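# Structural characterization, general
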Amino acid sequence: MSPFQVKHFSNIGASEEFLWQLVPEMSELIGATSIREPKRAEVRHAIMIISLEGMMPAFEHLKRIRASVTQELPVLNRRQLYEDFTRVLWHGYKDLMPRAAALIGSNIGFLFQNDANFEKGLCVFKEAHPKLPSWFGDHLRDQHKNWQNDLADFRNHYLEHREEEPDRFQVFYQAEAAEAFFYCVWRTTADILVVLLSMNLFPGLGLEEIPVAERSALNPRRFRFVHKSLDAGNP
């Protein structure tokens with residue numbers, strides 16, 4: 001008899017885009033890297049934890065936010081939906097994702113620094129990773145500027161420490177903003193992990209993004225492997 005019990009874990013479909021990219025697709029990518037066991041298993045586990053303790057709980061909160069739009073709720077209860085959502089979403093991004101990155105061999109702590117230290121850290125990061133795609137630094141800079149700083153301020157300066165007035169953060173209590181932040185966080189998490197793992201692919205192996213028109217709802221795979229020599233026309 002097995003000591004383990006099979007239980008229903010969640011009501012999140014496996015075809016949800018965020019879950020597909022962070023679990024089966026990421027696991028397949030890890031398997032194509034030169035990362036050796038037992039480190040490979042540690043990386044796979046760390047990325048799974050991002051989903052289990054960060055993105056999946058955040059998505060459950062997001063589903064409650066969606067349902068609340070048509071419900072009559074006390075102000076306190078409605079606000080709590082958004083605050084719980086933000087806390088667990090930020091935990092997945094700020095705490096869990098960097099741990100996975102560190103296991104892959106990359107320190108991305110600079111991503112959570114102020115603008116000046118972000119730029120310094122990015123320079124150091126580029127020097128440490130000569131295989132880094134040329135577009136990646138600008139991509140991180142855009143995330144840092146366009147949404148990450150605002151989300152960090154809401155979580156750190158208001159939710160945790162009440163250092164600022166609530167009027168500044170009213171947008172964070174809107175369903176449209178919650179949808180946008182969830183997408184930005186999981187997509188940026190996937191982008192970062194894919195880039196870091198891609199720098200560890202076996203020689204001659206590369207990745208390319210599948211055009212959206214070629215993806216399906218049941219199989220929302222985002223990347224496919226390409227053999228660089230064949231891709232360049234060299235058999």
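Anything mentioned here points back to the structure above.
Residues numbered from 1 in each chain as written. Predicted model: local features only at pLDDT ≥ 70, side-chain atom pairs only at ≥ 80, totals over all residues. Heavy atoms only, no water.

This paragraph deals with the overall build of the protein. Counting secondary structure elements, the protein contains seven helices and two strands. When the helices and strands of the protein are listed from N to C terminus, the series reads α-α-α-α-α-α-β-β-α. Since a compact globule built from 235 residues should have a radius of gyration of about 18 Å, the 19 Å found for the protein is in line with a globular shape. In terms of overall dimensions, the protein has C-alpha extents of about 65 × 55 × 40 Å along its principal axes. A burial count over the protein gives 43% of its 235 residues as buried. Considering only contacts within the protein whose residues lie at least 6 apart along the sequence, 65% involve residues at least 24 apart. For the protein, the computed accessible surface area is about 13,000 Å², with 54% contributed by carbon and sulfur atoms. Looking at the protein, you have 27 positive and 31 negative side-chain charges, and the mean spots of the two groups are 5 Å apart. (Helix = DSSP H or I, 4+ residues; strand = E, 2+ residues; numbered from the N terminus. Rg over C-alpha atoms; globule rule 2.2 N^0.38 Å. Buried < 20%, exposed > 50% of the residue type's maximum accessible area, 1.4 Å probe, protein only. Contact = heavy atoms within 4.5 Å. Areas by Shrake-Rupley, 256 points an atom, 1.4 Å probe, with all protein chains shown as cover. Lys, Arg positive; Asp, Glu negative; His and termini not counted. Charge placed at Lys NZ, Arg CZ, Asp CG, Glu CD.)

On to the packing of helix α3 (residues 75–104) against helix α6 (residues 175–198). Orientation of α3 relative to α6, taken along the N-to-C sense of each, is 5°, at an axis distance of 10 Å. One finds that α3 runs roughly parallel with respect to α6. Contact residues: Tyr 82, Phe 85, Leu 89, Tyr 93, Met 97, Ala 100, Ala 101 and Ile 104 in α3; Ala 175, Ala 178, Phe 181, Phe 182, Val 185, Thr 188, Thr 189, Ile 192, Leu 193, Leu 196 and Leu 197 in α6. Taken together, the residues of the contact of α3 with α6 break down into 17 nonpolar, two polar and no charged. (Axes fitted to C-alpha atoms, helices over the stretch in contact; angles between N-to-C directions. Parallel < 35°, antiparallel > 145°, perpendicular 65-115°, else oblique. Nonpolar A, V, L, I, M, F, W, Y, C, P; charged D, E, K, R; others polar.)

Attention now goes to helix α5 (residues 136–160). Compared with the 36 Å implied by 1.5 Å per residue over 25 residues, the 31 Å span of α5 between its first and last C-alpha is markedly short. Of all the bends in α5, the greatest measures close to 50° and is centred on Gln 148. Downstream of α5 by a residue or two, Arg 162 has a phi angle that is positive, lying close to 50°. (Expected span 1.5 Å × (residues − 1). Bend = angle between axes of the 7 residues up to and from the residue.)

On to the pattern of salt bridges, then. Inspection of every chain in the model, using the stated rule, returns 17 salt bridges. Across the pair Arg 221 and Glu 28 runs a salt bridge whose closest N-O atoms are separated by 3.4 Å. Here Arg 221 is found in the loop between β1 (205–209) and β2 (223–227), whereas its partner Glu 28 is found in helix α1 (residues 17–31), with 193 residues between them in sequence. A salt bridge links Arg 187 to Asp 191, with the shortest nitrogen-to-oxygen separation between them at 3.8 Å. Of the two residues, Arg 187 and Asp 191 both sit in helix α6, four residues apart, roughly one turn of that helix. Here Asp 191 falls in the buried class, since its relative accessible area comes to 7%. Salt bridges sharing common partners tie together Glu 17, Arg 187, Asp 191, Glu 209, Arg 215 and Arg 222. (Salt bridge = Lys/Arg side-chain N within 4 Å of Asp/Glu carboxyl O.)

A word on the side chain of Thr 33. Checked against the element boundaries, Thr 33 lands in the loop between α1 and α2 (39–68). The class of Thr 33 is buried, set by a relative accessible area of 0%. Side-chain polar atoms of Thr 33 contact the backbone nitrogen of Ile 35, separated by 3.3 Å. With sequence-adjacent residues up to four places away left out, Thr 33 is seen in contact with Arg 40, Leu 197, Asn 200, Leu 201 and Phe 202. (Polar contact = N/O pair within 3.5 Å; in protein donor to acceptor, adjacent residues only side chain to side chain.)

In this structure, the largest pocket encloses a volume near 450 Å³. Around the largest pocket sit 21 residues that line it, and Pro 133, Ser 198, Met 199, Leu 201 and Leu 207 are the ones nearest its centre. When residues in the lining of the largest pocket are grouped by element, the largest group, five residues, is from β1. Tallied by class, the residues present in the lining of the largest pocket amount to 11 nonpolar, four polar and six charged. (1 Å grid on protein atoms, 1.4 Å probe; cavity = no way out; pocket = protein on both sides within 12 Å on 5 of 7 lines; lining within 4 Å. Points joined across faces, edges and corners; volume = space filled by probe spheres on them.)

As a further point, take the environment of Asp 167. Inspection of the secondary structure assignment puts Asp 167 in the loop between α5 and α6. For Asp 167, a relative accessible area of 64% corresponds to the exposed category. Residues Asp 167 and Glu 119 lie 48 residues apart in sequence; the distance between their C-alpha atoms is 30 Å.

With that settled, the discussion passes to unusual backbone geometry. Here Glu 37 and Pro 38 are connected by a cis peptide whose omega angle stands at 5°. Along the chain, Pro 38 falls in the loop between α1 and α2.

Distances and angles like these do not, on their own, reveal function.
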